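# Fold and contact review
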Amino acid sequence: MSDSTLGQPVQKRNVRLQMLAEFWHYFSQNKGAVVGLAILILLVLVAVFAPLLAPHNPIEQYRDMFLTPPFWQEGGTLSFPLGTDAVGRDILSRLIYGSRYSLAIGLIVVSIALLLGITLGLLAGFFRGWVDVAIMRVMDVILAFPPLLLALVLVAVLGPGLFNAMIAIALVLQPHFARLTRAAVMAEAKREYVVSARVAGARNVRLMFKTILPNCLAPLIVQATLSFSNAILEAAALGFLGMGAQPPTPEWGTMLAEAREFILRAWWVVTFPGLAILITVLAINLVGDGLRDALDPKLKRS
Amino acid sequence: MLRFLFSKLLLIVPTFIGITIVAFGFVRVLPGDPVLLLAGERGMNPDRYQALLHQFGYDRPIVVQYFDYVWGLLHGDFGISISTKQPVFQEFLNLFPATAELAICAMFLAIIIGIPAGILSAVKRGSIFDQATMGIALTGYSMPIFWWGLLLIILFSGILGWTPVSGRISLFYYFPSVTGFMTIDSLLSGEKGAFTSALSHLILPSIVLATIPLAVIARQTRSAMLEVLGEDYVRTARAKGLSHKRVIGVHALRNAMIPVITTIGLQIGMLMAGAILTETIFSWPGIGKWMIDSISRRDYPVVQGGLVLIAALVMFVNLVVDLLYGLINPRIRHQ
């Protein structure tokens, strides 16, 4: 599709626009996906404008305001709309800043996993032979471990912290991309347009990245969306287990870890960060379902 | 069938070797000197250092050390825990029934709710029931289960006071472990109220651990069912005048179950990951909590051994699922 022979750029742009319109037509038929997209856009805006939206500094401790309930409960105040945590920090402000972490985690993890997975999958599917065997056996080994366990052990090796947690999660998620890419490349490599490009003198690198890869993108985009939400969940889980972002970072999973001992006394310190994770992940998964419907005609029936 | 079994077994060998390399390499890439890490808190002098170096075999070539390690694994030697001084394999065997009981209970819940929900959704496609079920399923699929567990504790233990917060059974009961499954042991003990206590401890963790598999199974059953309902043989069955129930229950369901069984098998690895979080929240004394405690205690022999054992377990379950798959679906077997 992308490796078309259309000469004029104008014509190419029209084709692109048409494809986009067609994509939106299918995507917008799934109402859940549109709602998910709207929530996601809202979240991005919140993350970008966090300093303007947050009523307080997310790590400032108000010493006379420990465990203040939300404003609608007795003892609550509107200056801390969702209450404060055990050391007097404003929960709403922490949640607003936390959206930056979650979205950044998703974006960075998926980028690393995509880059690694696509490269390995392209190499395996394109060259076959021992390269293929070596790469795919390593992927099998990674997939043999429960993902969270492997990420935990990797973080234990690298040292706890958000950056190391992201690297660990990316390493755990990338075999899915490698497998998908390999399968797609093997299916595409036999097609005539690839053979003709090769006959025309295209080198391996060009064949891999410019000729074949653009035609394997649909399943990769769907998988990337799924991995985006997985990455956020896993990073939050690592934070919850004390191996991800470290306090006082307002990362949602880390907030939950700090809130654990107060669950029976102050429901709000536990409820809101988890709700934020759930809404974010749900929105991304809704978009993922819509993307799958729009991009992958084989799965459209389900 | 034998050839099918053999080819599957053959595929497992390189993966298992890879797993042992990961577990073996793990301790070696840790920051810090392995001898200092393994030696504990006692004082260290050059003589003792040399002695320990020799005792742990670190003065030999790395390849020899690796083969020595694998040789030990094959003979059930998974190392000794630093904190309890117990063999890692023994600890694993002691704790495994707790995780197995929880996982089986969770999987049971996920299957008996997920499959009927998926079938009904497919049959009533587009109805309010279908939309609600799929909405709930996607929410379950997106759930941070560690938070979900905390919420259930707030509601059922805190506000309603129905269930205990943690552990496997009330401290009032004591009886010898026969099967390692608390619910069965409590029945065998004949103590009054013991079974109810065990069950009330089991229910919340099971719900939490079941959440994601339940959502996945419901979604997968629905889409497999929809696919099958569009096939020619279903139309033929209808045309023959078979009842709606028989077409759905026999002709469609049996074929739709094939991908669902694969999905269920794939959930085992997820279940182990879920067990780490669930057991941490509910202080459930299983291998998930054992692993996370060992990681934070830096008890590396346990982490190392646990990694191999858990990966081997997941691989074994996947093998069984693959074989079952071949058994119920001759098309795969004869490829």
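Residues numbered from 1 in each chain as written. Chains lettered and ligands numbered in written order. Predicted model: local features only at pLDDT ≥ 70, side-chain atom pairs only at ≥ 80, totals over all residues.

## As for the overall build of chain A
- What chain A contains, in helices and strands, is 12 helices and zero strands.
- N-terminal to C-terminal, the α/β element order of chain A is α-α-α-α-α-α-α-α-α-α-α-α.
- The principal-axis extents of the C-alpha atoms in chain A amount to approximately 75 × 45 × 35 Å.
- Taken over 302 residues, chain A has a buried fraction of 47%.
- In chain A, the share of contacts with a sequence separation of at least 24, taken over all contacts with a separation of at least 6, comes to 70%. (Helix = DSSP H or I, 4+ residues; strand = E, 2+ residues; numbered from the N terminus. Buried ≥ 20, exposed ≤ 12 C-beta atoms within 10 Å, placed from the backbone. Contact = placed C-beta atoms within 7 Å.)

## Thoughts on the packing of helix H8 (residues 182–189) of chain B against helix H9 (residues 194–229) of chain B
Residues and elements named next belong to chain B.
- Where H8 meets H9, the axes come as close as 8 Å, and the angle between the chain directions of the two elements is 170°. It follows that H8 is roughly antiparallel to H9 by the angle criterion. For the pair H8 and H9, the contacting residues are Met 182, Thr 183, Ser 186, Leu 187 and Ser 189 in the first and Ala 194, Phe 195, Ala 198, Leu 199 and Leu 202 in the second.
- Grouping the constituent residues of the contact of H8 with H9 by class yields seven nonpolar, three polar and no charged. (Axes fitted to C-alpha atoms, helices over the stretch in contact; angles between N-to-C directions. Parallel < 35°, antiparallel > 145°, perpendicular 65-115°, else oblique. Nonpolar A, V, L, I, M, F, W, Y, C, P; charged D, E, K, R; others polar.)

## Side note on the confidence of the model for chain B
All names here are of chain B.
- Residue-level pLDDT values for chain B average 85, and 94% of them are 70 or greater.
- Here helix H2 (residues 34–39) stands out as the element of chain B with the lowest mean pLDDT, 63, in contrast to helix H6 (residues 128–141), whose mean of 94 is the highest.
- ipTM for the predicted complex: 0.86, alongside a pTM of 0.87. (pLDDT = per-residue confidence, 0-100.)

## Topic: the interface of chain A and chain B
- The partner chain B presents 40 residues to the 36 residues of chain A that form the contact.
- Listed by contribution, the elements that provide at least two residues to the side of chain A that touches chain B are helix H5 (129–144), helix H6 (147–158), helix H10 (217–240) and helix H12 (267–295) of chain A.
- For the side of chain A that touches chain B, the leading source of residues is H12(A), giving 10 residues.
- A breakdown of the residues in the side of chain A that touches chain B according to their chemical character gives 27 nonpolar, five polar and four charged.

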